[in-house]
Amino acid sequence: MVFTPGELLPAECNITEVGGVNSGFGGEAFVFTGLGLGGEVAYAGPDWSFSGSGAMGIASGDVSYHFFPGKNRRRFEPFVTGGYSLYFGDRTETQSGFNVGGGVNIWLVKHAAMRLEVRNQGFIKHFHSQFTDFVAFRFGVTFR
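Definitions and limits used
Residues numbered from 1 in each chain as written. Predicted model: local features only at pLDDT ≥ 70, side-chain atom pairs only at ≥ 80, totals over all residues. Heavy atoms only, no water. Pairing = 2+ DSSP bridges. Helix = DSSP H or I, 4+ residues; strand = E, 2+ residues; numbered from the N terminus. pLDDT = per-residue confidence, 0-100. Contact = heavy atoms within 4.5 Å. Core = buried A, V, L, I, M, F, W, Y, C linked by side-chain atoms within 4.5 Å. Buried < 20%, exposed > 50% of the residue type's maximum accessible area, 1.4 Å probe, protein only. Phe/Tyr/Trp six-rings, centres within 6.5 Å; stacked < 30°, edge-to-face > 60°. Lys NZ or Arg CZ within 6 Å of the ring centre and 35° of its normal. Polar contact = N/O pair within 3.5 Å; in protein donor to acceptor, adjacent residues only side chain to side chain. Axes fitted to C-alpha atoms, helices over the stretch in contact; angles between N-to-C directions.

## Considering the pairing of strand β4 (residues 76–89)
Phase 1: Where strand β3 (residues 56–66) meets β4, 11 bridges bridge the pair, whose relative direction is antiparallel. When the sheet's bridge partners are listed, S64 is paired in β4 with T81.
Phase 2: Summarising the sheet, β4 and strand β5 (residues 95–109) pair through 12 bridges and their orientation is antiparallel. Within β5, the position partnered with G82 by the bridge is V100.

Here's what the structure looks like:
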């Protein structure tokens, strides 16, 4: 089905923009030059209530590649990441999905950096959450 600008969408194709929150913690370790393995546990939902329709937990295992690794210390260290996600929530069923993203570590001092990342969580069944796919803007701290 193709729609041209100005054409009305059918009722079943209503598109609404929904915002939400995403928070969690995790870690990552280098296993080879530039290659890292990581894991995290997170919460995603329409608000900070941690309950109700749409609230869900996310557990992820990821692989990342950091550009310009090693002794070549640069202030900006871009990276890409992706992996497996397990979604669980206010219903009893769990579900498998994926995540992909990228970002940059901005080294502020020798052993600490600010981490900025954009990540897409995908393949979420609609009955499980109000989200079927969402993009999270994330920030954190990286230590060497």
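There's plenty left to go through after this.
## Examining the confidence of the model for the chain
Phase 1: Considering every residue of the chain, the mean pLDDT works out to 79; 72% of them sit at 70 or more.
Phase 2: Within the model, pLDDT remains below 50 along residues 1–16, and this stretch shows 6 contacts once partners closer than five positions in the same chain are excluded.

## Some thoughts on the nonpolar core
Phase 1: Within the largest apolar cluster, 8 residues are counted, these being A42, A44, M56, I58, Y87, I124, F134 and A136.
Phase 2: When contributions to this core are tallied by element, the ones reaching two or more residues are β2 (35–45), β3 and β7 (134–143).
Phase 3: Sequence-distant contacts of A42, that is, excluding residues within four places in its chain, are made with N22, S23, G24, M56, G57 and I58.

## Focus: the packing of aromatic side chains
Phase 1: Counted according to the given criterion, the structure contains 1 aromatic pair.
Phase 2: Its guanidinium or amino end placed over the ring of F68, R74 lies 4.2 Å from that ring's centre, counting from NZ or CZ.
Phase 3: Positioned above the aromatic ring of W107, the side-chain terminus of R144 is 3.6 Å from the ring centre.

## Structural notes on the side chain of S60
Phase 1: Secondary-structure assignment places S60 in strand β3.
Phase 2: A polar atom in the side chain of S60 sits 3.0 Å from the side chain of S85.

## Here we look at the sheet that holds β7
Phase 1: Overall, antiparallel pairing links the 7 strands, which are arranged β1-β2-β3-β4-β5-β6-β7 in an open sheet. Where the open sheet ends on each side, the last strands, each with one partner, are β1 (21–32) and β7. Neighbour-to-neighbour, the strand axes of this sheet turn through a mean angle of 25 degrees, independent of strand direction.

## A look at the pairing of β1
Phase 1: Summarising the sheet, β1 and β2 pair through 11 bridges and their orientation is antiparallel. The residue of β2 that forms the bridge with G26 is E40.
Phase 2: Linking β1 back to β2 in an antiparallel pair, the connection comprises 2 residues, with G34 at a positive phi of about 85 degrees.

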